[in-house]
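Chain residues, written in single-letter form:
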Amino acid sequence: MAGDCVFCKIVSQEIPTEFLLETEHVVAFQDINPEAPTHLLVIPKKHITSISALEDDDQGIVGEIMLAIRDLAEKEQLDQGYRVVVNTGSQAGQTVKHLHFHLLGGRSLKWPPG
C-alpha cells in the first residue's frame, strides 16, 4: 500500500466502498464521477502506479483484471458493447497513480475519444 493512494485506501477499506467484484488480487467498484450509465473501476489490490510500472511477475494480475472486466460486463448486461480505458501518465489523463481500468458502457460511445 502506498501511503496516500486513494485506491490503496479503498482496497484496505480505510475508505468504505462497495465492491461489485473482489478476487484475491482485484477489486471493482463504481466510479464516483461516471461518464456513462455503467462506469466501473477495476484495480489490482497491489499498488502498481501504471502500465509502465508493470513487472513481468504482474502478468497474472493483469489477466485476472481482464477476466474480471469480462465478468462485470456480463453482469452489467453490456452485450451491445463496452469500452475499457487505461490512462497512463499525466498527458493521458491519469489522475490517480494506481493502475486502474475504466469499464464504460450502457450507451453509444464515440470515437475517437479525447
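Shown above is the structure to which this text applies.
Residues numbered from 1 in each chain as written. Predicted model: local features only at pLDDT ≥ 70, side-chain atom pairs only at ≥ 80, totals over all residues. Heavy atoms only, no water.

Once that is clear, we can look at the overall build of the protein chain. If you tally the helices and strands in the protein chain, you get two helices and five strands. Seen in sequence order, the protein chain has helices and strands lined up from the N terminus as α-β-β-β-α-β-β. Computed over its C-alpha atoms, the radius of gyration of the protein chain comes to 14 Å, within 12% of the 13 Å expected for a compact globule of 114 residues. In terms of overall dimensions, the protein chain has C-alpha extents of about 35 × 30 × 25 Å along its principal axes. Within the span of the protein chain, comprising 114 residues, buried residues form 35% of the whole. Within the protein chain, residue pairs in contact and separated by at least 24 positions form 53% of the contacts whose partners lie at least 6 positions apart. A total of about 7,000 Å² of accessible surface is found on the protein chain, and carbon and sulfur atoms cover 50% of it. (Helix = DSSP H or I, 4+ residues; strand = E, 2+ residues; numbered from the N terminus. Rg over C-alpha atoms; globule rule 2.2 N^0.38 Å. Buried < 20%, exposed > 50% of the residue type's maximum accessible area, 1.4 Å probe, protein only. Contact = heavy atoms within 4.5 Å. Areas by Shrake-Rupley, 256 points an atom, 1.4 Å probe, with all protein chains shown as cover.)

The next subject is the nonpolar core. Residues Val42, Ile65 and Leu72 are the most contacted members of the largest nonpolar core, which totals 17 residues. Breaking this core down by element, the ones donating at least two residues are strand S2 (26–30), strand S3 (38–44), helix H2 (59–75) and strand S5 (101–105). For this core, the element with the most residues is H2, which contributes six residues. Setting aside chain neighbours within four positions, we find leucine 72 in contact with Leu20, Leu21, Ala28, Leu40, Val42 and Leu103. Judged by nonpolar contacts, the second largest core, of nine residues, contains Cys5, Val27, Leu41 and Val96. (Core = buried A, V, L, I, M, F, W, Y, C linked by side-chain atoms within 4.5 Å.)

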